[in-house]
Amino acid sequence: SDVYKRQCLDYPTDTSEYTVEADHALLFFLGLTTEKALQDGKWNKFLDTNLEANNKIFPLYLGMAHRIVPYTTFQSCPGIPKIWLWKILHAEQKTEIYKQVTAGTKLYSEGKVYNLCDKKKGALLTFEFRSYDSEKKTEDSLVVVNYTSVYIKGKGGFNFKGVPEKTLNPPAKPSTQFDYEFMEPTQKNQALLYRMTWDKNPLHVDWKIARLVGFKKPILHGMCTWGMTGRVIIEKILNYDETRLKSIYLRFVSHTFPGETLVIRVWKLEEGHLYVEVSTLERGLVTCIGDVTYKC
C-alpha cells in the first residue's frame with residue numbers, strides 16, 4: 001500500500017480563522033430540515049437573520065466549525081497518496097460541544113490526523129479538529145471538538161489496526177425494545193440544498209460519479225443525515241432545548257438516498273446518554289449507529 005502510518009499520524013491540517021455568519025448558519029439549518037419540521041414555528045429562532053433581533057446559531061452547525069477540508073490534507077501529507085475526491089466516503093462524525101456560539105463569533109481552528117486504520121479494501125482516516133473563540137486557543141476558550149473519519153476506497157493493505165484508545169466506537173446496541181421511534185422524511189432535493197453549506201463532493205449531485213463509485217444515483221451527505229438525526233432528538237427528546245446537547249456521534253454504515261424516510265430509533269442508556277440507530281423506511285436498511293449525550 002502507498003499509505004504510510006508514520007507519516008500520517010499527528011500530521012497537522014490547515015488552520016482556519018473565520019467569523020460565524022448568520023446567513024451561512026441559516027443555510028446549514030435549512031439543509032437539514034423539512035417543511036414538516038417548521039410547521040409549528042418552534043424552530044423560528046434559527047430562521048431570523050436580523051442580528052439585531054436574534055443571533056442564535058443552531059448548535060449542530062458546530063459540526064463544521066473548523067471549516068478545514070480534509071481533502072487538502074490528503075494533497076499535502078506525504079503518507080497519503082493522491083486520490084480523487086469522489087473516492088472518499090464520510091465514515092464517522094463525532095461532535096463534542098463545549099460552548100454555544102452566536103452569529104459574529106470568531107472561531108480559530110486547528111486539526112491533525114488523529115488515527116489511521118487498515119480496512120483491507122480501504123483506509124480509515126480520523127481527523128481531530130479543535131475550534132476556539134480566542135486566538136490564544138486555551139482550554140477555557142474551547143468551543144467544540146470534531147472527530148471526522150473518512151474511508152478511502154482502494155487504499156488498504158498497510159497492516160495497521162489503528163491506535164486502540166483513539167478508535168471511535170458506538171456503545172453496544174441494547175437488546176431491549178427501543179424507547180422512541182421517529183419517522184423523518186428527507187426531500188428529493190435535500191442533497192442539493194445541503195451542498196450549498198459547504199460539502200461540494202460531486203458524489204452527492206453527479207449521477208455519473210455516483211455510478212462510478214457503485215451507487216445507482218447520488219446519495220445524501222452523511223453530515224446531512226447526522227444533522228437531521230440530531231435535530232429530531234433535540235426536537236422530540238430535549239423538547240427543543242438545543243443548549244442541552246453535549247455530543248453526537250454517528251457511524252455511517254450504509255447510504256441514504258434523498259427522498260427516503262429516516263427511521264430514527266432511540267434507546268435510553270444511563271441518564272443523559274442515548275443509543276441511536278437510523279434506517280431507511282423504504283429499504284429497511286440500517287444506515288447509521290451511534291450515541292448522543294445531553295445535560296439532564
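Residues numbered from 1 in each chain as written. Predicted model: local features only at pLDDT ≥ 70, side-chain atom pairs only at ≥ 80, totals over all residues. Heavy atoms only, no water.

**What about the environment of K106?**
Here K106 shows up in strand 3 (residues 106–118). Separated by 79 residues in the primary sequence, K106 and P185 have C-alpha atoms spaced 34 Å apart. Excluding anything up to four places from it in sequence, K106 contacts E17, Y18, T19, Y132 and D133. (Helix = DSSP H or I, 4+ residues; strand = E, 2+ residues; numbered from the N terminus. Contact = heavy atoms within 4.5 Å.)

**Remarks on the nonpolar core**
General note: in soluble globular proteins, nonpolar side chains tend to be found buried as a group. Counting 49 residues, the largest nonpolar core has F28, F58, Y61 and I264 as its most contacted members. Residue assignment for this core shows that the elements contributing at least two residues are helix 2 (22–31), strand 5 (142–153), helix 5 (190–195), helix 7 (222–236), strand 7 (245–252), strand 8 (261–268), strand 9 (273–280) and strand 10 (286–294). Of all the elements, helix 7 adds the most residues to this core, at seven residues. The residues touching F28, leaving out its near neighbours within four places in the chain, are F58, L60, Y61, M64, Y194 and T197. Grouped together as the second largest cluster of nonpolar side chains are 19 residues, V3, I88, A123 and F160 included. (Core = buried A, V, L, I, M, F, W, Y, C linked by side-chain atoms within 4.5 Å. Buried < 20%, exposed > 50% of the residue type's maximum accessible area, 1.4 Å probe, protein only.)

**Quick word on the pattern of salt bridges**
It is possible for side chains of opposite charge to pair when their charged atoms get near one another. Going through the model one piece at a time under the given rule, you end up with 17 salt bridges. A salt bridge links D133 to K99; its shortest N-O distance comes to 3.0 Å. Highlighted residues: D133 in the loop between strand 4 (122–132) and strand 5 and K99 in the loop between strand 2 (88–97) and strand 3, separated in sequence by 34 residues. For K173, the salt bridge goes to E277, with nearest N and O atoms at 2.9 Å. One end of the pair, K173, is in the loop between strand 5 and strand 6 (180–185); the other, E277, is in strand 9, with 104 residues separating them in the sequence. According to the relative accessible area criterion, K173 is partly exposed, its value standing at 45%. With a relative accessible area of 8%, E277 lands in the buried category. Each of E184, R231, E235 and K236 takes part in salt bridges that share partners, so that together they form one network. (Salt bridge = Lys/Arg side-chain N within 4 Å of Asp/Glu carboxyl O.)

**Structural notes on the packing of aromatic side chains**
The tally for this structure, following the rule as stated, stands at 14 aromatic pairs. Ring geometry for F29 against F46: centres 5.7 Å apart, planes inclined by 45°, an arrangement best described as tilted. Within this pair, whereas F29 is found in helix 2, its partner F46 is found in the loop between helix 3 (35–38) and helix 4 (70–76), the two being separated by 17 residues in sequence. Summarising the aromatic geometry, the rings of W43 and F58 are spaced 5.5 Å apart at their centres and angled 90° between planes, so their arrangement reads as edge-to-face. (Phe/Tyr/Trp six-rings, centres within 6.5 Å; stacked < 30°, edge-to-face > 60°.)

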